[in-house]
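Summary of structural features
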Amino acid sequence: MNLLTLFYRNRYLLACAIVIAMVSGTTAFLEIPRLEDPRLDNRNAIILTSFPGASAARVESLVTEKIEAQLLEIKEIKTMKSTSRAGISSISVELQDSITNTNNQDIFSKIRDELKDAKQFLPKEVGEPVLDDTRTTSFTVVYALSSSNTNLSITSRLATELANRFRNVSGTEIVRVYGSIEEEYRVELNVEEVTALGITPQEIQNALTNADVKTPAGVMYGSKNSIAMEVRGAFDTIATIENTPIRNGMLFLRDIAVVKKIAKDPPQEIGIVQNNRAILIAARIQENEQMHKWMETIHHRAKLFRRYLDDETTLRCVFDQGKYTYKRLLNLYENLIMGCVLVMMIIFLVMGWRSAVIVSFALPFSVALALFIIMLSGEQLHQMSIFGMIIAVGLLIDNAIVVTDEVVMHIHNGCGRLQAIEKTIRHLFVPLLSSTFTTVLGFMPVFLLAGNIGDFISSIAKSVVASLCVSFLASMTIIPALAAIFARKSTHRWWQRGLRSKTLLGWYSATLKFFVKYRKMTVFYIAGVALFGFIAAAQLQEQFFPGADRNQFEIQVWLPEQSSIYETQRTVREMNEQLQKFTQIDSFMWMIGNSFPSVYYNMLMTKDNSPFYANAIVNTKNANIVRHLVPQIQNALNRKFPQAQCVVRIFGQGPPREAPLEFRIYGVSIDKLRHYGEKIKAILLNDEQVLHAQTTITSGIPKLWLDVDRRETLTAGLTLKDIATKTYSSIQGVSGGSVLEELEEIPVTIRYPNDYRRKFYHIATMNVQGVPLNAIGRLEMQPTTNAITRYNHERCNIVRGYLYHDALPIEVTKRVMQKIRTLQLEEGYSISIGGDSEEKGKAVASLLRYIPVLMTLMLATLVLTFNRLSLTFIIGCVAILSVGFGLFSLWMFSYPLGFNPFLGIAGLIGIALNDTIVVLAGLHAIKGKANPQQIVDTVVHCTRHILSTTLTTIASFLPLLLFSGGTFWPPLAIVISGGIFGATTLSLIFVPCLFCIVYDVKDEVKE
């Protein structure tokens, strides 16, 4: 049985294969999950540990350093970045690039185990270290609950109830509530009364704790029943707390304090939507769920929940990723369809309508099976995977064009249909397999990328590779059968055989003869143009990833670090007045004291416990005005709020990063690190494109210090620890019992009134065991270090720079580094680069990691295909020069040299070789008797194949270049299109000329 013609002879097999492919593709298209952007595997976590009242230095030495030392035993941890502030330790952990979602939870479990072991080495006052590994991926939907009159505590409870309803929706991964208030039963002491009676907060704490009985009192065992017993008297109302006896049953709490239910003050974070205080409920969908179905259920639950709200309480959806996903994918679908239509039109003009139908069938067939493969591999449908399909549109019909044309040619030359199929497959199997394999190898560096950058763009290569493999199989089975079935004898009608022009053909042949005659000059000039592309590329500015095309941008605000959350809130309200002046803004929402819940895949949420910080998400009426609006808002905020550092920036593509510019100074001495940090900060601020600069280790944060007279302290019967403990309990408060309200436990807190806690005089005269503070010591205010940062267990000062909207971070980094290198650092101190430059370096290094092996495989494939090193040399020249043409086109259109062009170059190398392999396959067949005329005839014979494939490949990119807009896709499309155009020139002109030089073809032209 001849397997080469099996599909032609067995029409049922042919029909079943087509139906199975279409059904598989339709099923995959309907069932595959859809996202706006690729979902990054979770390799990041943050560890938060509280140490109330401790300075940054104590937090570093007693908490951060010990936890880091414990985590060093976990080899899967790639980097550790920590910040030690007064009262809190924050450690950001990033796992190795090889870790994925399949094994990351095992590593996080190891980290939790190590944290438990580390707890024994921490002071008793330190809280339990908490690992949060849920911050990597953006939320899918965010709702805002606000009320004009209702108490915020009620609104917070409503938000908790809505969050529980969202958690019960099938497919929900995580739900978080932001901006809610924490309630407490506050016991505000009458300072005069408790001072006169000599009562301390600790004494009241003991009395309340003993009165709030929630422990069981045993079980009465009867002969038939067992009955539990409990002591009545647990706190349940304000009255039961007030009636607690303090001393000997003669003094009650109500006599010396006021008890009230109130929100904790100050709050950890404050949410604002427009100008209203709001609580945000953010939910995230599971990775492999259908977003549109899940969103319908979420919105339905929210609609039902609105029925329970009063007229003053509003619930609104402030972020819906489903809308962005639909819009982004619709745009790419349109580009994909337009590309397919253009490809079909070109095939129709070049090959006629019958061949066009056959070749065009390869598009839905290959795309359908590629979608099915993508679904089986666990991938999602997002902008990267669809862009891979767009690239593949022009490539996956290359094989079909060549096969169809070859089958039709044999039939027109009088061969039988079975014979035509056999001849075609036997002749083209090895060249097409070689060209497909080399193209696949060209995309393998992208396919094999690991880490965040791999999560982001590897889907492009996966889509291309799947499409190309399916296309080759179809070209060797389905397409020859269809071509043999529908091909007809030769006809002179252009719509049946394609456009032909004897005049144009004669001119083209004469031109080729001229180039072949002056082959050395031709090779020199073509190579010169391509090599100029490399020279021109060196003049291009560098960029990591361009900004996102989105009707959203963010605002980050930093006040002086001693600022309270209320001062930050006041500043935000004033900024809102400025934002309302811009009519292009549709809405805005803030999170004060913390990062805003992530609404974009690379947003960072690392600003916990930062009362001086605020983060806003601003929605505009359309995406086109964002790039013009951002600098206007930036200038307005700079003028109105000189006391704040305001950064207005567009969302950027690529892996997450804290700031576009980052420099890390390593060393031991905090003073020297601060000194070098200030110098680098000054260098940054001297650059005209740097907007703001920050250092993580600074001085000047005011702090009250009590200089104790030890003699007076001993006389009063106090120790330094007694003074610190009693002062802390009076100012910050201590817990004494709790009240159970349904499922919520609300603490009872004893402390002095706010007015007393906020004034220096009252603090100085505070009674400590019958002795005022100013009697045993002197209070003075001195600056102190605000925070201490570490990178991979080494102390460092991180200098971050934020740029104006049109600045390129990598170019600014180059300029700044030239000045930084002039700094004279002491021995033991060093500087490293972070930000965009570091991320680009890692990404390019990861991209180049597999290049040597893949290039070796590519060369080996070509050597085995042709059994000639000389032909492999020619193909290698074409690969290098086609890259030059791609860079030349990038230079012509004035795009920066970013990671997108590098990605295009990686794929271009494989694509550019296809045409050359077709030409060399023909030339290789006549190499023994080759003369210039035969070489010209061979190239002319291949020209229609090559022009068809070139035009269809470029046509697939035209919609992206002409209609997509933005700055993300055009550079990549331009590099590939320009490189393919150059590769066509190389294949049709450069290759035959170089072939003649290599094989020393004589200038004997037959008439």
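This structure is a prediction, so every number in the text was calculated from the model and none was measured.

1. Here's the deal with the overall build of the chain
- Check the secondary structure of the chain and you find 35 helices and 30 strands.
- Along the first, second and third principal axes, the C-alpha atoms of the chain reach 125 × 80 × 55 Å.
- Long-range pairs, those at least 24 residues apart, make up 81% of the contacts in the chain between residues at least 6 apart in sequence.
- Within the structure as shown, the chain displays about 43900 Å² of accessible surface, and the carbon and sulfur contribution to it stands at 57%.
- Computing the positive centroid from 98 side-chain charges and the negative centroid from 88, the chain places the two 9 Å apart.

2. Description of the packing of helix 20 (residues 519-537) against helix 35 (residues 969-998)
- One way to put it is that helix 20 packs onto helix 35 with a least axis distance of 9 Å and a crossing angle of 130°. Classified by the angle between their axes, helix 20 and helix 35 sit oblique to one another. As for how helix 20 packs across helix 35, the hand of that crossing is left-handed. Contacts between helix 20 and helix 35 involve Arg519, Lys520, Thr522, Val523, Ile526 and Ala527 on the former and, on the latter, Leu986, Ile989, Phe990, Cys993, Leu994, Cys996 and Ile997.
- For the contact of helix 20 with helix 35, a count of residues per class yields 10 nonpolar, 1 polar and 2 charged.

3. Brief notes about the pairing of strand 18 (residues 613-620)
- Judged by how many residues are buried, strand 18 sits mostly within the fold: 8 of 8 residues are covered.
- Where strand 16 (residues 552-558) and strand 18 come together, 7 bridges link them in antiparallel fashion. Residue pairing across strands places Glu554 opposite Ile617, the latter belonging to strand 18.
- Pairing of strand 17 (residues 585-592) with strand 18 involves 7 bridges; the strand directions are antiparallel.

4. Looking at the packing of aromatic side chains
- By the definition in use, this model includes 19 aromatic pairs.
- Aromatic side chains Phe514 and Phe515 sit 5.9 Å apart centroid to centroid with 65° between the ring planes, which places their arrangement in the edge-to-face category.
- Judged by relative accessible area, Phe514 falls into the partly exposed class, the value being 43%.
- Centroid distance Phe532 to Phe888: 5.8 Å. Interplanar angle 65°. Geometry classified as edge-to-face. On the criterion of sequence distance, the pair formed by Phe532 in helix 20 and Phe888 in helix 32 (residues 869-892) is long-range, its members being 356 residues apart.
- According to the relative accessible area criterion, Phe532 is partly exposed, its value standing at 33%.
- Aromatic rings pair up to connect Phe456, Tyr600, Tyr601 and Phe651 into one cluster.
- Sitting above the plane of the Tyr324 ring, Arg550 keeps its charged end 4.1 Å from the centroid.

5. A few points about helix 17 (residues 478-486)
- In terms of burial, helix 17 is a largely internal element, 7 of the 9 residues being buried.
- Taken residue by residue, helix 17 has Ile478, Ile479, Pro480, Ala481, Leu482, Ala483 and Ala484 as its buried positions.
- Looking at the buried positions of helix 17, the neighbouring elements they touch are helix 1 (6-9), helix 2 (11-31), helix 12 (353-376), helix 14 (398-412), helix 15 (417-447) and helix 16 (451-476).

6. A look at the domain arrangement of the chain
- Each assigned domain of the chain is listed here: domain 1 (1-31 + 352-490), domain 2 (41-136) and domain 3 (200-255 + 701-784).
- A C-alpha centroid distance of 31 Å is found between domain 2 and domain 3.

7. Here's the deal with the sheet that holds strand 24 (residues 744-751)
- Across the sheet, which stays open at both edges, the 4 strands sit in the order 12-7-24-23 with mixed pairing between neighbours. Single-partner strands in this sheet number two, and they are strand 12 (257-263) and strand 23 (734-741). Each strand of the sheet is rotated relative to its neighbour by a mean of 25°, with strand direction disregarded.
- Bridging between strand 7 (residues 183-189) and strand 12 involves 7 bridges; their strand directions are antiparallel. Among the inter-strand pairings, Glu188 is bridged to a residue of strand 12, identified as Val258.
- Relative to the sheet, helix 7 (residues 201-211) contacts strand 7, strand 23 and strand 24, its axis offset from that of strand 23 by approximately 30°.

8. Brief notes about helix 12
- The end-to-end C-alpha distance of helix 12 is 35 Å, a good match for the 34 Å that 24 residues give at a rise of 1.5 Å each.
- One or two residues past the end of helix 12 sits Gly378, with phi positive at roughly 85°.

9. Here's the deal with the side chain of Ser84
- The residue Ser84 is located in strand 2 (residues 77-85) in this model.
- Polar contacts involving the side chain of Ser84 include one to the side chain of Thr64, which spans 2.7 Å.
- Once residues within four sequence positions are removed from consideration, Ser84 is found in contact with Ala56, Val59, Glu60, Thr64, Asn786, Ala787 and Ile788.

10. A short note on the packing of helix 13 (residues 383-396) against helix 14
- Two numbers describe how helix 13 lies on helix 14: the axes approach to 5 Å, and their chain directions differ by 15°. If you check the angle between helix 13 and helix 14, you find them roughly parallel. Along its contact with helix 13, which presents Gly394, Leu395 and Leu396, the element helix 14 presents Asp398, Asn399 and Ala400.
- Classifying every residue of the contact of helix 13 with helix 14 by side-chain character gives 3 nonpolar, 2 polar and 1 charged.

11. Section: the nonpolar core
- Membership of the largest hydrophobic core comes to 174 residues, with the highest contact counts inside it found for Ile391, Ile397, Ile457, Phe899, Leu920 and Phe990.
- With residues up to four places along the chain from it excluded, the contact list for Ile457 reads Val446, Leu449, Phe545, Phe899 and Leu903.

12. Regarding the environment of Arg519
- Its place among the elements puts Arg519 in helix 20.
- It is 17 Å that separates the C-alpha atoms of Arg519 and Thr916, two residues lying 397 residues apart in sequence.

13. Regarding the pattern of salt bridges
- The tally for this structure, following the rule as stated, stands at 44 salt bridges.
- Of the charged contacts, one joins Glu36 and Arg550 as a salt bridge, the two residues approaching to 2.6 Å between their closest N and O atoms. Pair noted here: Glu36 is in the loop between helix 2 and strand 1 (44-50) and Arg550 is in the loop between helix 20 and strand 16, with a separation of 514 residues, a long-range link.
- Given a relative accessible area of 2%, Glu36 falls into the buried group.
- Residue classification places Arg550 among the buried residues on the basis of a relative accessible area of 2%.
- Between Glu182 and Lys264 there is a salt bridge whose closest N-O contact spans 3.5 Å. Of this pair, Glu182 sits in the loop between strand 6 (172-178) and strand 7 while Lys264 is found in the loop between strand 12 and strand 13 (270-273), placing the two residues 82 residues apart along the sequence.

14. Regarding a nonpolar patch on the surface
- Together, Phe514, Tyr518, Met521, Phe524 and Tyr525 give the surface a local cluster of nonpolar side chains, amounting to about 570 Å² of exposed area.
- Per-element accounting of the nonpolar patch gives the leading share, 3 residues, to helix 20.
- Relative to the elements of secondary structure, Tyr525 occurs in helix 20.

15. Topic: the environment of Phe651
- Position of Phe651 relative to the elements: it lies in the loop between strand 19 (645-650) and strand 20 (661-666).
- You can call Phe651 buried: its relative accessible area is 2%.
- As for Phe651 and Ile776, which are separated by 125 residues in sequence, their C-alpha atoms are 55 Å apart.
- When sequence neighbours within four positions are dropped, the list of residues in contact with Phe651 reads Gly547, Ala548, Arg550, Gln552, Phe553, Glu554, Val599, Tyr600, Met603 and Ile617.

16. Concerning the environment of Thr696
- Topologically, Thr696 is positioned in the loop between strand 21 (690-695) and strand 22 (701-708).
- Here Thr696 falls in the buried class, since its relative accessible area comes to 11%.
- When the C-alpha positions of Thr696 and Gly339 are compared, they lie 50 Å apart, and in sequence the two are 357 residues distant.
- Leave out the neighbours within four places in its chain, and Thr696 touches Asn786, Ala787, Thr789, Cys796, Asn797, Ile798 and Arg800.

About the cut-offs
- Residues numbered from 1 in each chain as written.
- Predicted model: local features only at pLDDT ≥ 70, side-chain atom pairs only at ≥ 80, totals over all residues.
- Heavy atoms only, no water.
- Helix = DSSP H or I, 4+ residues; strand = E, 2+ residues; numbered from the N terminus.
- Contact = heavy atoms within 4.5 Å.
- Areas by Shrake-Rupley, 256 points an atom, 1.4 Å probe, with all protein chains shown as cover.
- Lys, Arg positive; Asp, Glu negative; His and termini not counted.
- Charge placed at Lys NZ, Arg CZ, Asp CG, Glu CD.
- Axes fitted to C-alpha atoms, helices over the stretch in contact; angles between N-to-C directions.
- Parallel < 35°, antiparallel > 145°, perpendicular 65-115°, else oblique.
- Left-handed = near helix turned anticlockwise from the far one by under 90°.
- Nonpolar A, V, L, I, M, F, W, Y, C, P; charged D, E, K, R; others polar.
- Buried < 20%, exposed > 50% of the residue type's maximum accessible area, 1.4 Å probe, protein only.
- Pairing = 2+ DSSP bridges.
- Phe/Tyr/Trp six-rings, centres within 6.5 Å; stacked < 30°, edge-to-face > 60°.
- Lys NZ or Arg CZ within 6 Å of the ring centre and 35° of its normal.
- Domains from an automatic or database assignment.
- Expected span 1.5 Å × (residues − 1).
- Polar contact = N/O pair within 3.5 Å; in protein donor to acceptor, adjacent residues only side chain to side chain.
- Core = buried A, V, L, I, M, F, W, Y, C linked by side-chain atoms within 4.5 Å.
- Salt bridge = Lys/Arg side-chain N within 4 Å of Asp/Glu carboxyl O.
- Patch = residues over 30% accessible without salt bridge, like charges linked within 9 Å, V, L, I, M, F, W, Y side chains within 5 Å.

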